Each structure stands twice: as structure tokens, then as C-alpha cells.
Amino acid sequence: MDCNNITVIGLQWGDEGKGKVVDALARTSSYVARYCGGANAGHTVLAGGEKFALHLIPCGILHEGVVNVVGNGVVFDAPVALEEIEHLHQRGVKADAENLRISSCAQAVMPWHKMQDTLSEQKLGGAKIGTTARGIGPCYADKAARSTAIRVGDLADAGVLTDKVRRTVALKNRLFSALYDAEAMDAEAIAAEYAEYGRRLAPMICNTGVLLRSAGAEGRRTLFEGGQGSMLDVDHGTYPFVTSSSVTACGVPSGAGVPPGAVGTVLGLIKAYTTRVGAGPFPSEQDNATGDYLREKGHEYGTTTGRPRRCGWFDAFAVRYAADLSGVDEFALSLLDVLTGLDEVNICTGYRVGGKELTDFDPAVMGDAECTYETLPGWQEDITSCGSYDALPDAARRYVDRIEEILARPVGVISVGPDREQTIFHNTTIEGLD
Ligand code: IMP
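None of the values given here were measured: they were computed from a predicted structure.

Visitor: Go over the sheet that holds strand β11 (residues 265-271), please, and point to the residues and values.
Guide: Within the open sheet, the ten strands sit side by side as β9-β7-β5-β2-β10-β1-β11-β15-β19-β20. Their pairing is mixed. The open sheet has two free edges, formed respectively by β9 (205-206) and β20 (423-425), since each of these has just one partner strand. Both strand β5 (residues 67-70) and strand β7 (residues 100-103) contribute to a ladder of three bridges, which runs parallel. Considered in β7, the bridge of Val-70 is made with Ile-102. On the sheet, helix α1 (residues 18-26) packs against β1 (6-10), β2 (31-34), β10 (222-225), β11, β15 (330-334), β19 (411-415) and β20 and is oriented at approximately 175° with respect to β1.

So this is what it looks like as C-alpha cells:
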């Protein structure tokens, strides 16, 4: 299928600054769709001097005329979404059935999912995953289990919902009491609370796959907005220290209900260095003054949980793997300004495991990997008002060029600050972006 869609995904461990690029691209799209994850994601978008923190609602909500879609692959937290909608309304942003549609097949995150997420992490102690405690893993587990799942479509049918909640709570109460000595949940109260959410959301609930496929047939552009980052993908990331959904471009067709050809141009988001929240391997981590510098300068604290992020050098070996996996066409490089002020900058170009250089990237060995670094000169000049690639200092241009060389794809967009205006369009081939 010939299509002009765009898929934007993170190629590291999330928090690559997708919000700003998705926001810029939303202007050129008729639809913006989420296909994975849930309220564990967090995009911060600066628009018109105002800061918007979005977790579940796609970034296209800030643009008039864009229809925003929460796809079937998402785990949907109704109270969080309603709070976000309310917050948007208070600031004069439209968010209703006309510009926001939620898949009836998306899974509903229920109170027991959040409870289990927290209790299970506590029980794991030192072996914990370091989740966002948003109930993501338990909700996807119930999706696969089927008999204990509740979908968004069920929320809008009070009778069906009450039956399912009663049945599931009876089971979960016994389970949580045995496993965690937890207090029993009140099925009737939960059913009533979620039926009310369903009533409010009902006008927005529909078969979003049909909607997106029709849009494609009419030649209208959909922007697929990835959540998290490729190294957190449930199949292809640093398992088990991952999230529970298919976050790469490979997850778009099943998570949005569109054919594989609808993925379109794949724009891979990369941060000029690397961050990770939660536990798990991170070979280029700098648990030292450099890491502290990046954290403070880049304000590297979680949008969703406020946790300090682990920081390190740009890992080109891991990004190359993620870019190949998703068929990335070009990159958007974010937070380049954060590297300003360092004498030297390092790029990880490969791993050694047991003293041997690895030829093929494998996320399974990352815990034992040592990075091979290439060192480049840093730059001291403030780049936050550079409006073009040519305006960047030599050393910054060299850093960007070297990344393009190693990753064998162009860097189309360079971000040098949080505002929409602080964006350099360099070699982009994406129509409407520059
Ligand atoms: P979960 O998705 O809450 O189950 O968390 C699993 C792992 O993914 C943890 O290491 C989280 O910190 C990480 N994670 C989930 N969502 C995001 C995100 O949007 N950005 C960065 N890390 C995330």
C-alpha cells in the first residue's frame, strides 16, 4: 500500500523527547494514534509557552482538526485519561468525541492491576523491574489470560462490566490475600466507579482500526506515536527489564489495527546521550560526575514518576540494532544542547564480552558487556539559539555527522532546546516537517 503515514518511535530506553517531534508532525497529520503502552508513557510538550504533560492522550490533541486515536494495543487507564481530558478542558483545549477516539478493544487498567504491580515489585525486592507502578504488566498479563480481562468496550456496558468485575475481584482477592496478605477489594464499589467512567467515555469508544484503515484508503496521513523506547520492547528489549508491550514499529500493525504497509516512514528518536529509568543493564551508564552533569543539565527526572534517570554516553551499537529492527528511515536527534560544556564526548561503537569484541548486537548479553568508545572533542558554545546545522559549532556538527555515519541513516531533525522554535531541520525527507 502506498501511504504517507509516519511512525515515530524511541530507539533507546524511552524519554527521547518524542513529544516535541510528534507535536511538530501532528500539524501535518489527520490522525495521531497510540498503539502501545499506557499511562506509563509521559510526553511533555511546550506549546505557546505552556507546558502540557500527556500520558495517555496522543499529542495531536493540541492541534485543531487532528483526530486522536487510542488504539487496541494500549492499556487504557480510564481515571487517568479523564483527568487528562479535564485538565485539557480547563486550559481551553478541545478533547471530546470529535477529536478523541478510544478503541473498544483496548484493555482497561483496573485497580487490581496497579495494586499487583506495586505488591509484586515489593515482593521481588532486589530483583524488581523498577516499573512505573501504573499496572501495565499485570494488565497485559490479563489480556493474554483472557478470562480476567476487561476491555474498554466493557466499561460502557454496566451489566457486562459488573459481572466481569465481580468474577475477577473474587479471584484476585483470594490470590492477593494468599500471595501478599492484601486487604480485600470491594467489587461493587469498583464496578460502580468504572461504570461511571464508561458512561463518560462512551461517546469516544469505537472500532478505531476501521477508522484508521478508512483514513488510509482516503489517503489521509496518520502519525503513529510510539511509547517508551525500543530497548524496553517486550520481545526485543533487555528482557525481563522491559515494559510489557510491542513498542517498536513492528508493534504498529497489531496495536493500531492497520496493515503492515501502513507503518509508512519510520522516524527514530534518539537522545544525544542515553538515559534509563528502572532496573536492568545499561553498558554505557556513567554513574559518576559525567552522569550527574547530564542528569542536572538535561532535567533527567521522570515525567510519570519523578524518578531520577540513570545517564550515560550515546550507545550507537544499541541504537543501530533498534534502527535496523524497526526499519528506521531517518533520525531525530534530541537534547544536543545538553552535551554543551563537556571537554570530550564519547560514543559507544561496540561491546566486549569476556574480553572479546561482539560482532552482532544481542540485548541478552548487555549485562556482561563493556563498551568500546570513540572519543570526540566537545564544544563550549551555547547552541540553544542555533537555527541551522551550519550555525552549530564544528565539534557539534562532527558529533552529528559521526552518528549519521555509524548508524548509516540521516539525522533529519536536531533539537537544541525544549521550545518548538529550537529545532533544526537538517536532512529530513519527511514531507511537511521543515
Ligand atoms: P512498566 O512499563 O511500568 O511495567 O515498567 C517497566 C520498565 O519500563 C521500567 O524500567 C520503567 O521505568 C520503564 N518505562 C516504562 N515506561 C517508560 C517511559 O515512558 N519512559 C521510560 N521508561 C519507561
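Visitor: An account of the pattern of salt bridges is requested, with residue identities and associated values reported.
Guide: Considering all chains together, one arrives at 22 salt bridges under this definition. Here the residues in one salt-bridge network are Asp-15, Lys-271, Glu-300 and Arg-309, joined through shared partners.

Visitor: Pulling in residues and values, what's your account of the side chain of Glu-225?
Guide: Along the chain, Glu-225 falls in strand β10. No salt bridge is formed by the buried Glu-225; its nearest oppositely charged neighbour, Arg-34, is found at 5.1 Å. A polar contact is formed between the side chain of Glu-225 and the backbone nitrogen of Cys-59, at a distance of 3.1 Å.

Visitor: I'd love a proper account of α1, names of residues and values included.
Guide: Along an α-helix, residues three or four positions apart point the same way, because every turn accommodates 3.6 residues. Within α1, nine of the nine residues are buried, which leaves the element mostly enclosed by the surrounding structure. Among all positions of α1, only Lys-18, Gly-19, Lys-20, Val-21, Val-22, Asp-23, Ala-24, Leu-25 and Ala-26 are buried.

Visitor: Can you tell me about the site of the ligand, naming the residues and giving the values?
Guide: Inspection of the region around the ligand gives 16 residues, with Asn-40, Thr-132, Thr-243, Val-277 and Arg-307 positioned closest. Contacts to the ligand include Gly-130, whose backbone N or O atom sits 3.4 Å from an oxygen atom. Contact distances for the ligand include 2.6 Å between an oxygen atom and a side-chain N or O atom of Thr-132. The fraction of the free accessible surface of the ligand (460 Å²) that becomes covered by protein chains is 97%. Here the shell around the ligand is composed, by residue class, of seven nonpolar, seven polar and two charged.

Visitor: Tell me what's going on with the packing of aromatic side chains, and back it up with residues and numbers.
Guide: Under the defined criterion, the tally for this structure stands at eight aromatic pairs. An angle of 85° between the planes, with centres 4.9 Å apart, marks the rings of Tyr-194 and Tyr-197 as edge-to-face. Placement of the pair is Tyr-194 and Tyr-197 together in helix α7 (residues 187-201), with a separation of three residues, close to one helical turn. Of the two residues examined, Tyr-194 and Tyr-197, each falls in the buried class. Aromatic side chains Tyr-351 and Phe-361 sit 5.6 Å apart centroid to centroid with 50° between the ring planes, which places their arrangement in the tilted category. Taken together, the positions of Tyr-351 in strand β16 (residues 344-353) and Phe-361 in the loop between β17 (356-357) and β18 (369-377) put the pair ten residues apart, joining distant regions of the chain. What makes Tyr-351 buried here is its relative accessible area of 0%. Among the aromatic side chains, those forming a connected cluster through ring pairs are Phe-317, Tyr-321, Tyr-351 and Phe-361. Across the ring face of Phe-52, the terminal group of Arg-91 is positioned such that the distance to the ring centre comes to 4.2 Å. In this arrangement the basic side chain of Arg-397 is found over the ring face of Tyr-389, its NZ or CZ atom lying 5.8 Å from the centre.

Scoring rules and cut-offs
Residues numbered from 1 in each chain as written. Predicted model: local features only at pLDDT ≥ 70, side-chain atom pairs only at ≥ 80, totals over all residues. Heavy atoms only, no water. Pairing = 2+ DSSP bridges. Helix = DSSP H or I, 4+ residues; strand = E, 2+ residues; numbered from the N terminus. Contact = heavy atoms within 4.5 Å. Axes fitted to C-alpha atoms, helices over the stretch in contact; angles between N-to-C directions. Salt bridge = Lys/Arg side-chain N within 4 Å of Asp/Glu carboxyl O. Buried < 20%, exposed > 50% of the residue type's maximum accessible area, 1.4 Å probe, protein only. Lys, Arg positive; Asp, Glu negative; His and termini not counted. Polar contact = N/O pair within 3.5 Å; in protein donor to acceptor, adjacent residues only side chain to side chain. Near = heavy atom within 4 Å. Areas by Shrake-Rupley, 256 points an atom, 1.4 Å probe, with all protein chains shown as cover. Nonpolar A, V, L, I, M, F, W, Y, C, P; charged D, E, K, R; others polar. Phe/Tyr/Trp six-rings, centres within 6.5 Å; stacked < 30°, edge-to-face > 60°. Lys NZ or Arg CZ within 6 Å of the ring centre and 35° of its normal.

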